[in-house]
Amino acid sequence: MTKKILVLPGDGIGPEITEEAVRVLKALELGFEMETALLGGAAVDATGDPYPAATQELAKEADAVLLGAVGGPKWDVLPREQRPEKGLLGIRKHLNLFANLRPAILYPELADASTLKPEVVSGLDILIVRELTGDIYFGQPRGIEIRDGERFGFNTMRYTETEIRRIGRVAFEAARKRGKKLCSVDKMNVLETTQLWRDVMTELAPEYPDVELTHMLADNAAMQLVRAPRQFDVLVTGNMFGDILSDEASMLTGSIGMLPSASLDENNKGLYEPSHGSAPDIAGQGIANPLATILSAAMLLRYTFNLEEAARRVEEAVKKVLAQGLRTADIFAAGTQKVGTKEMGDAVLAAL
Ligand code: NAD
């Protein structure tokens, strides 16, 4: 079986950080075929299109896509159709990526970076699985109209059981690869759509007897995430609750340069990218933290290629360099050693 990875460095710090992740993937010697293409502002500059046809073709052919980040002030003045973000939304839609996986991991060495007390968050390791293509964000009808002489705004929360089942399976499978605990988040006390959500998750559970399923209301989940976040392993929820809870969870860690993400389709083809943006303020200086992108490459190994051992090797290597006291500027603290993007990549390679 060929294993094709498309690398899309993008803009800003994107090229610097993806270079380090590519070095890590190559060092594993797993026979990946890698191609590089343009997305975002770099693609607009070269072709006028943020998601050019050539990139679309390569993205369809690839098994997985590793993305840096797109965007920057240079392109913010362009018409909406030519903005780098259009390229990002374009590729997500084109590849039917309906499942978004965002781990929030707080390495004990970085516990001080969180706004929560270290004893509450140190060692945190949770995964939020968010449905990406349905729910109130896409439901029809929607709009703002005049009714009875005043403005009236409305949206529609909707899910089919098929949509719930397919994201449920992704979450159960992910829990199986981790701590085997899945918490499904809904608001079944007031919303029928999420009563269906809970029913379908409950119906799926017997297929995964090794995973413990629990349910929690969204408001309680928001509270528990800051009260005692380590009680969770995997959380699964719809598009809107997931939007809010995944941001809340990622901020528990306090270090944006450390957070990877994955977006998957029905065949585990995936787009893997750091949760942060293109950081134009530090682009080209060789100081960006490449670890979120390297950890995204680990997710690529785990979720698209089912190479659990290789994924763990990469994650262990990252832990090791942190334990050695190496830090890029964004996570630097007194008593540690400040390194640049490339030195951090070198250290991860050495630890591998
Ligand atoms: P950002 O995440 O790029 O930067 C926020 C802050 O975090 C900046 O101070 C930056 O220097 C720092 N930072 C981010 N990643 C870092 C890293 N790896 N190492 C060290 N420091 C890091 O968010 P922003 O400033 O709001 O957005 C900048 C651009 O990125 C915008 O054009 C925005 O549209 C785009 N963006 C792209 C994506 C994406 O490609 N998925 C996501 C968010 C923002």
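Heads up: the structure comes first, above all this text.
Presented here is an overview of the structure given in this document.

So, how was this worked out
- Throughout this description, residue numbers start from 1 for each chain and increase along the sequence as written.
- Whole-chain, interface and lining totals are the exception, using all residues; otherwise, since this is a predicted model, local features are given only for residues with pLDDT of at least 70 and side-chain atom pairs are given and counted only at 80 or more.
- To obtain the side-chain values, all non-hydrogen atoms of the structure were included, while hydrogens and water were left out.
- Secondary structure elements are defined from DSSP: runs of H or I of at least 4 residues count as helices, runs of E of at least 2 residues count as strands, and each element is numbered from the N terminus.
- Only C-alpha atoms enter the radius of gyration; for comparison, a globular chain is expected to reach 2.2 Å times N to the power 0.38, where N is the number of residues.
- Contacts are assigned to residue pairs that have any heavy atoms within 4.5 Å of one another.
- Per-residue accessibility takes into account occlusion by the displayed protein chains alone, with areas from the Shrake-Rupley method and a 1.4 Å probe.
- In this charge count, Lys and Arg are treated as positive and Asp and Glu as negative; neither His nor the chain ends contribute.
- The atom standing in for a charge is NZ when the residue is Lys, CZ when it is Arg, CG when it is Asp and CD when it is Glu.
- Three labels apply to residues, based on accessible area from a 1.4 Å probe with only protein chains included: buried if under 20% of the type maximum, exposed if over 50%, partly exposed otherwise in between.
- Each aromatic pair joins two rings of Phe, Tyr and Trp (for Trp, the six-membered one) with centres within 6.5 Å, and gets the label stacked for planes under 30 degrees apart, edge-to-face for over 60, and tilted for any other angle.
- In our convention, an over-ring charge means Lys NZ or Arg CZ found within 6 Å of a ring centre and within 35 degrees of that ring's normal.
- Multiplying 1.5 Å by the residue count of a helix minus one yields the expected span of that helix.
- To be clear, the arc concerns the directions from the helix axis to the C-beta atoms.
- Patch membership requires over 30% relative accessible area and the absence of a salt bridge. Like charges are linked within 9 Å, and nonpolar side chains (Val, Leu, Ile, Met, Phe, Trp, Tyr) within 5 Å.
- Think of a salt bridge as a Lys or Arg side-chain nitrogen and an Asp or Glu carboxyl oxygen that are within 4 Å of each other.
- Take the buried Ala, Val, Leu, Ile, Met, Phe, Trp, Tyr and Cys residues and link them wherever side-chain atoms come within 4.5 Å; each set so joined is a nonpolar core.
- Note on definitions: angles span 0 to 180 degrees between N-to-C directions of axes, and those axes are lines fitted to C-alpha atoms, for helices only across the stretch in contact.
- With respect to orientation, any angle under 35 degrees is reported as roughly parallel, any angle over 145 as roughly antiparallel, any angle of 65 to 115 as roughly perpendicular, and every other angle as oblique.
- The residue classification treats Ala, Val, Leu, Ile, Met, Phe, Trp, Tyr, Cys and Pro as nonpolar and Asp, Glu, Lys and Arg as charged. All others, Gly included, are polar.
- Near residues are defined by distance, with any heavy atom within 4 Å of the molecule or strand qualifying the residue.
- N or O atoms closer than or at 3.5 Å make up a polar contact, with two conditions inside protein: a donor-capable atom paired with an acceptor-capable one, and, for residues adjacent in sequence, both atoms drawn from side chains.
- We call two strands paired when DSSP finds no fewer than two bridges between them.

**Structural notes on the overall build of the protein**
Here is step 1 of the chain: Within the protein one finds twelve helices and 14 strands.
Here is step 2 of the chain: A compact globule built from 352 residues should have a C-alpha radius of gyration of about 20 Å, and the protein, at 20 Å, falls within 12% of that.
Here is step 3 of the chain: Projected onto its principal axes, the C-alpha positions of the protein cover 60 × 50 × 45 Å.
Here is step 4 of the chain: Counting only contacts in the protein whose residues sit at least 6 apart along the sequence, the fraction spanning at least 24 positions is 75%.
Here is step 5 of the chain: Carbon and sulfur atoms provide 52% of the accessible area of the protein, an area that totals close to 15700 Å².
Here is step 6 of the chain: The positive charge centre, built from 39 side chains, and the negative charge centre, built from 50, are 2 Å apart in the protein.

**Notes on the environment of Ser184**
Here is step 1 of the chain: Within the secondary structure, Ser184 sits in strand S8 (residues 181-186).
Here is step 2 of the chain: Using a relative accessible area of 0% as the deciding quantity, one classes Ser184 as buried.
Here is step 3 of the chain: For Ser184 and Met216, which are 32 residues apart along the polypeptide, the C-alpha to C-alpha distance reads 6.2 Å.
Here is step 4 of the chain: Those residues within four positions of Ser184 in sequence are excluded, and the remaining contacts are Trp197, Met201, Leu213, Thr214, His215, Met216 and Val236.

**Thoughts on the packing of aromatic side chains**
Here is step 1 of the chain: Applying the stated criterion across every chain, the model contains four aromatic pairs.
Here is step 2 of the chain: When the ring of Phe32 is compared with that of Phe305, the centres are 5.1 Å apart and the planes differ by 50 degrees; the resulting orientation is tilted. One end of the pair, Phe32, is in strand S2 (residues 32-36); the other, Phe305, is in the loop between helix H10 (291-303) and helix H11 (308-323), and 273 residues separate them in sequence. You'll find Phe32 and Phe305 in the same group, each marked buried.
Here is step 3 of the chain: Geometrically, the ring pair formed by Tyr159 and Trp197 is tilted, given 5.4 Å between the ring centres and 55 degrees between the ring planes. You can see Tyr159 sitting in the loop between strand S7 (150-154) and helix H6 (161-176) and its partner Trp197 sitting in helix H7 (residues 192-204), a full 38 residues away along the chain.
Here is step 4 of the chain: Over the ring of Phe32 we find Lys3, and its NZ or CZ is 5.8 Å from the ring centre.

**A word on H11**
Here is step 1 of the chain: For H11, built from 16 residues, the straight-helix expectation of 22 Å at 1.5 Å per residue is met to within 8% by its first-to-last C-alpha distance of 22 Å.
Here is step 2 of the chain: Looking at H11, one finds that the buried residues are Ala310, Ala311, Val314, Glu315, Ala317, Val318, Val321 and Leu322. Along the axis of H11, the buried positions cluster into a sector of 150 degrees, meaning they face one direction only. When the buried face of H11 is taken as reference, the exposed residues oriented beyond 90 degrees from it are Glu309 and Ala323.

**Describing a negative patch on the surface**
Here is step 1 of the chain: Residues Glu33, Glu35, Glu57 and Glu61 make up a contiguous surface patch of negative charge.
Here is step 2 of the chain: In this fold, Glu35 is placed in strand S2.

**Details of the nonpolar core**
One recurring pattern in soluble globular proteins: nonpolar side chains tend to sit buried together.
Here is step 1 of the chain: Of all hydrophobic cores here, the largest spans 82 residues; its most connected members are Leu101, Val129, Leu182, Met258 and Tyr272.
Here is step 2 of the chain: No other element matches the nine residues that H10 contributes to this core.
Here is step 3 of the chain: Apart from residues lying up to four places away in sequence, Tyr272 is in contact with Ala64, Val65, Leu66, Leu67, Ser261, Ala262, Leu264, Ser296, Met299, Leu300, Tyr303 and Thr304.
Here is step 4 of the chain: Counting 15 residues, the second-largest nonpolar core is a separate cluster that includes Ala37, Val65, Leu67 and Ile91.

**Brief notes about the packing of helix H8 (residues 218-227) against helix H9 (residues 239-253)**
Here is step 1 of the chain: The interhelical angle for the contact between H8 and H9, taken along N-to-C directions, is 5 degrees, at an axis separation of 10 Å. Looking at the two axes, H8 sits roughly parallel to H9. Residues Ala218, Ala221, Ala222, Leu225 and Val226 of H8 touch H9, and the partners they reach there are Phe241, Leu245, Glu248, Ala249 and Leu252.
Here is step 2 of the chain: Of the residues in the contact of H8 with H9, the class split is nine nonpolar, no polar and one charged.

**Thoughts on the site of the ligand**
Here is step 1 of the chain: The environment of the ligand is formed by 19 residues, the closest being Glu85, Gly277, Ala279, Asp281 and Asn289.
Here is step 2 of the chain: The backbone of Val70 places a nitrogen or oxygen atom 2.9 Å from an oxygen atom of the ligand.
Here is step 3 of the chain: A total of 800 Å² of accessible area belongs to the ligand in isolation, and the protein chains cover 67% of it.
Here is step 4 of the chain: For the shell around the ligand, the per-class residue count stands at nine nonpolar, six polar and four charged.

**Quick notes on the sheet that holds strand S11 (residues 260-264)**
Here is step 1 of the chain: Sheet architecture is open: ten strands sit in the order S2-S1-S3-S12-S11-S4-S5-S10-S8-S9, paired in mixed fashion. Strand pairing shows two members of the sheet lacking a second neighbour, S2 and strand S9 (212-217), which therefore form its edges. Neighbour-to-neighbour, the strand axes of the sheet open up by a mean angle of 20 degrees, direction not taken into account.
Here is step 2 of the chain: Each of strand S4 (99-105), strand S5 (125-131), S8, S9, strand S10 (234-237) and S11 touches H6; the most contacted strand, S5, lies at about 165 degrees to it.
Here is step 3 of the chain: This element, H9, spans S4, S5, S8 and S10 of the sheet and lies at about 155 degrees to S5.

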